[in-house]
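Next come the chains, spelled out residue by residue.
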Amino acid sequence: MSSHFQIPKTQKAAIVESNDAPLRVVSDHPVKQPGELAPGECLVRLDCSGVCHTDLHARKGDWPVPAKLPLIGGHEGVGIVVAVGAHTQDSPVKLGDRVGIKWLAYSCLDCEPCRKGIEQSCEKGKYSGFTVDGTFSQYVVSYVNHVTPIPSSLPSDEAASILCAGVTVYRAIKYSNTHIGDWIVLPGAGGGLGHLAVQYAVAMGLRVVAIDTGAEKKNLCTKLGAEAWVDFKETKDLVGDIKAATGGKGAHAAVVTAATGAAYAQAIDYLRPGGTLMVVGLPAQAKLSADIFFTVIKSINIVGSYVGNRQDAREALDIAARGKVKCFFESKPLSALSEVYEGLEQGKIVGRVVLNMTD
Ligand SMILES: [Zn+2]
Ligand SMILES: [Zn+2]
């Protein structure tokens, strides 16, 4: 299929050549031309891309599995389909559609995990900005069956961070075995993932105990609908405070995104019997050490939840498009990516950063 879009030969892109070398932002990176796309591939001209903590791990190479090198990172991209590979059958997207690129770039749709709806754990999965080039460039190659349609009422920059941060917390809450009126604990509630989690939980009828620190984050969480607040730096008894906030019984669920094992172990103590611990964080190194005795006698569920599948992504975007969830972000140019990484490393980024790819 040819394209009526003008597609340049080169583009701006941020390239990681090695884990130690400085990030290079170039303007002469080749654009894969429509005639070079394989069946099932599409070319997306990006409006913007969010920056996720995972991008920093890929850039540093500190995960147990290394990213490809050289690498273009990024997996929260939104843009327009400007070409579809020739001989693509039954494409669910067409030229001019606005779509999102998420962490899972491709799955086979046929292995057992794919058939069971956990395509993010596909045996042949490809990951944007990790095993295939991602969205820190003006054009990205993706797959017609895996790009996510963006609702027309949702601006691209507001949709960007829903594609990873939003989907991740939305799915974790969705599978937390909670029902309307139940209590859910959200450690890190004032952060990038956390502030989205508070809004999804409230939209789903749950009662939120927000854990974080400082007046600014407390105000944000309260404004977003959290009913109880625990400052982890000020409290002398975090477990006791959560139990007190939840009528003495403990919470029904916790969605833990922390990078340390301690936050997971604590959750076993503050969950009520039958409660569910959703394990979401992807630290470079950390072990989950739960007290086996209390996990058993309290019938605690411990569930790993990894981003989301195509359906989770559509649901998370739909809720945002209806105004129930809004991402707090700051826009920056692609050339600012190195500083953004430094800010992430030092924990100085409030909300999310979305890179504008059009200037
Ligand atoms: Zn991410
Ligand atoms: Zn598969």
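The model shown is predicted, which means the values in this text are computed figures rather than measured ones. Numbering of residues begins from 1 in every chain and follows the order in which that chain's sequence is written. The naming scheme follows written order: chains are lettered A onward, ligands numbered 1 onward. With the structure being a predicted model, the display of local features is reserved for residues of pLDDT at least 70 and the display and counting of side-chain atom pairs for 80 or more, all residues being used for whole-chain, interface and lining totals.

Visitor: Now, about the UniProt feature "domain: Enoyl reductase (ER)" (unreviewed entry) in the chain: what can you tell me, with residues and values included?
Guide: UniProt positions are given in the numbering used here, feature names are shortened, and annotations may be inferred rather than shown by experiment. Per the UniProt record, "domain: Enoyl reductase (ER)" (unreviewed entry) is found at residues 18-355. Starting at the N terminus, helices and strands are each numbered in turn, a helix being any DSSP run of H or I of at least four residues and a strand any DSSP run of E of at least two. Secondary structure content for residues 18-355 is 28% helix and 25% strand, and the end C-alpha separation is 22 Å.

Visitor: For helix α7 (residues 238-245), give the residues involved together with the corresponding values.
Guide: Partly exposed residues are those whose C-beta has more than 12 but fewer than 20 other C-beta atoms within 10 Å; with 20 or more the residue is buried, with 12 or fewer it is exposed, and the C-beta atoms are placed from the backbone. All of the buried residues along α7 are D241, I242 and A245. For α7, the angular spread of the buried residues around the axis is 95°, confining them to a single face. With C-beta atoms placed from the backbone, a contact is any residue pair whose C-beta atoms sit within 7 Å. The inward-facing, buried residues of α7 contact β10 (183-187), β11 (207-212), β12 (228-231), β13 (251-256) and α8 (262-270). Each C-beta atom gives one direction from the helix axis, and the arc is the one those directions make.

Visitor: Explain the environment of L193 to me, using residue names and the numbers behind them.
Guide: Looking at where L193 falls in the secondary structure, it is placed in helix α5 (residues 192-203). C-beta crowding within 10 Å serves as the criterion here: with 24 such atoms nearby, L193 is assigned to the buried category. With 164 residues separating them along the chain, L193 and M357 place their C-alpha atoms 23 Å apart. The contacts of L193, once residues within four sequence positions are left out, are A165, T168, V169, G188 and T257.

Visitor: Explain the domain arrangement of the chain to me, using residue names and the numbers behind them.
Guide: Domain ranges listed in this record stem from an automatic or a database domain assignment. With domains assigned, the chain is organised as domain 1 (10-161 + 327-356) and domain 2 (176-304). For domain 1 and domain 2, the distance between their C-alpha centres works out to 30 Å. Across the contact, 8 residues belong to domain 1 and 5 residues belong to domain 2. In this classification, Asp, Glu, Lys and Arg are treated as charged, Ala, Val, Leu, Ile, Met, Phe, Trp, Tyr, Cys and Pro as nonpolar, and every other residue, Gly included, as polar. Grouping the amino acids of the side of domain 1 that touches domain 2 by side-chain chemistry returns 3 nonpolar, 3 polar and 2 charged.

Visitor: I'd like a description of the pairing of strand β3 (residues 41-51), backed by residues and values.
Guide: Counting buried positions along β3 yields 10 of 11 residues, so the element is predominantly enclosed. Note: β3 against strand β8 (residues 139-143), 5 bridges, orientation antiparallel. Within the sheet, the bridge partner assigned to E41 lies in β8 and is Y143. Sheet topology note: the β3/strand β4 (residues 77-84) ladder contains 7 bridges and is antiparallel. Directly across from C48, in β4, lies its bridge partner V78. By definition, two strands form a pair when at least two bridges between them are found by DSSP.

Visitor: Tell me what's going on with the packing of α5 against helix α6 (residues 215-224), and back it up with residues and numbers.
Guide: Structural elements are reduced to axes, namely lines fitted to C-alpha atoms, with helices fitted over the stretch in contact, and the angle between N-to-C directions of any two is expressed from 0 to 180 degrees. Where α5 contacts α6, the axes come no closer than 9 Å and their chain directions differ by 20°. As summarised for this structure, α5 and α6 are arranged roughly parallel, according to the angle between their axes. Crossing angle aside, the handedness with which α5 passes α6 is right-handed. Two secondary-structure elements touch here, α5 through H195, V198, Q199 and V202 and α6 through L220, C221 and L224. Here the residues of the contact of α5 with α6 sort into 5 nonpolar, 2 polar and no charged. Each angle gets one of four labels, with under 35 degrees taken as roughly parallel, over 145 as roughly antiparallel, 65 to 115 as roughly perpendicular, and the rest as oblique. Crossings are classed by handedness, with left-handed meaning an anticlockwise turn of the near helix from the far one by less than a right angle and right-handed meaning a clockwise turn.

Visitor: Hey, could you go over the packing of helix α1 (residues 53-60) against helix α11 (residues 337-345) for me, with residue numbers and the actual values?
Guide: It is at 10 Å that the axes of α1 and α11 come closest, and there the two elements cross at 105°. Comparing the axis directions of α1 and α11 gives the class roughly perpendicular. In this structure, α1 uses H53, L56 and R59 to contact α11, whose residues at the interface are Y341, L344 and E345. Partitioning the contact of α1 with α11 into residue classes produces 3 nonpolar, 1 polar and 2 charged.

Visitor: Provide a residue-level description of the sheet that holds β10, including the pertinent values.
Guide: With parallel pairing, 6 strands are arranged side by side in an open sheet as β12-β11-β10-β13-β14-β15. Of all the strands in the sheet, just β12 and β15 (301-304) have a single pairing partner and so form its edges. Direction aside, neighbouring strands of the sheet carry axes that sit 20° apart on average. Taken strand by strand, α6 contacts β11 and β12, and its axis lies near 160° from that of β12.

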